Every structure is written in structure tokens, then in C-alpha cells.
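What follows is each chain in one-letter form.
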Amino acid sequence: MLKGFKDFLMRGNVMELAVAVVIGTAFTAIVTAFTNGLIKPLINAIGGSDAAQGLGFNVLSGNDSTFLDFGSVINAAINFVIIAAVVYFLLVLPVQRVQARRKRGQEPAPAEPTDVELLAEIRDLLKEQRVRD
């Protein structure tokens with residue numbers, strides 16, 4: 001049971017996914033800092049009755065809890081576009097190019113084990129199982 005779990009974890013897909021999540025989280029923090037530190041102040045300078053509140057307005061005057069903050073929405077949209085562009089250009093396009101090369105036969109696909117290798121592995125597992133019994 002543990003061997004199967006170890007095999008699952010050691011597959012390339014799981015490790016690549018874990019790395020992608022960590023890098024994606026770190027990159028999201030960088031983009032968020034960029035938009036909060038540089039873009040949002042510029043958006044806030046554009047409008048709003050109070051410069052501290054930024055681009056937006058109060059639905060009920062004098063009630064700060066009814067402030068509609070368009071600057072934050074624009075900031076989040078810019079965040080999304082930057083992250084989506086980086087993911088597309090640095091991850092999706094290169095993978096699509098590799099897949100297209102493989103279809104044309106320019107780049108070989110990962111080698112599959114041969115029948116002889118599979119039979120040898122089965123033989124070794126059966127020998128190992130006999131020794132334990």
C-alpha cells in the first residue's frame with residue numbers, strides 16, 4: 001500500500017503540480033504587491049471625493065460602509081490579466097509547441113517499457129513474493 005502511494009507521489013505530474021502551485025503562489029504575491037503598490041495609487045489619484053478612498057463613491061453620504069470601491073475592482077482585474085498572461089506565455093504556449101512537435105515526429109515521446117521489460121519486472125515481483133511466503 002505504501003509502495004503504491006510512493007509511486008503516485010514520485011510521478012512527474014504530481015511533483016510538477018506541487019512546484020507549479022508554489023511558484024504560482026509566490027508569483028501572485030509579487031503581482032499583488034505590484035498592483036497594490038504602483039497601480040492602485042495611480043487609480044486612486046484619478047477620482048473619488050476623498051483621495052484616501054480612491055476611485056468610487058458612497059451610496060449613502062456620510063456612511064463609509066456603503067463606499068463602492070471601483071479602484072479595488074480595477075486593481076483585481078489588472079492582477080488577473082497579468083497573472084493570466086504570464087501563465088499563458090510561459091506555460092501554455094511552450095507546452096503546446098512541444099505537443100505539436102511530438103505530433104509531427106520532431107521530438108520523440110517518452111519511451112514506453114517494452115514487453116520484455118514488463119515481463120522481467122513481473123518475473124522479479126513473483127520471485128520476491130515467493131521468497132516472502
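Look up a bit, the structure's there.
Definitions and limits used
- Residues numbered from 1 in each chain as written.
- Predicted model: local features only at pLDDT ≥ 70, side-chain atom pairs only at ≥ 80, totals over all residues.
- Heavy atoms only, no water.
- Patch = residues over 30% accessible without salt bridge, like charges linked within 9 Å, V, L, I, M, F, W, Y side chains within 5 Å.
- Areas by Shrake-Rupley, 256 points an atom, 1.4 Å probe, with all protein chains shown as cover.
- Salt bridge = Lys/Arg side-chain N within 4 Å of Asp/Glu carboxyl O.
- Helix = DSSP H or I, 4+ residues; strand = E, 2+ residues; numbered from the N terminus.
- 1 Å grid on protein atoms, 1.4 Å probe; cavity = no way out; pocket = protein on both sides within 12 Å on 5 of 7 lines; lining within 4 Å.
- Points joined across faces, edges and corners; volume = space filled by probe spheres on them.
- Nonpolar A, V, L, I, M, F, W, Y, C, P; charged D, E, K, R; others polar.

(A) Region of interest: a nonpolar patch on the surface. Among the surface-exposed residues, F57, V59, L60, L68, F70 and I74 lie close enough to one another that they form a single nonpolar patch of about 520 Å² accessible area. On the secondary structure map, L60 appears in the loop between β1 (56–58) and β2 (67–69).

(B) Region of the structure containing the pattern of salt bridges. Scanning all chains against the criterion turns up one salt bridge. Between R123 and D124 there is a salt bridge, and its shortest N-O distance comes to 3.1 Å.

(C) The layout of surface pockets, seen in detail. When its volume is computed, the largest pocket comes out at roughly 200 Å³. Forming the boundary of the largest pocket are E16, V19, A20, I23, G24, F27, T28, I83, V86, V87, L90 and L91. Those elements that place two or more of their residues in the lining of the largest pocket are α2 (12–46) and α3 (70–104). Counting residues per element, the lining of the largest pocket draws most heavily on α2, at seven residues. Of the residues contributing to the lining of the largest pocket, the split by class is nine nonpolar, two polar and one charged.

Everything listed here is a matter of coordinates, which is why it stays silent on function.
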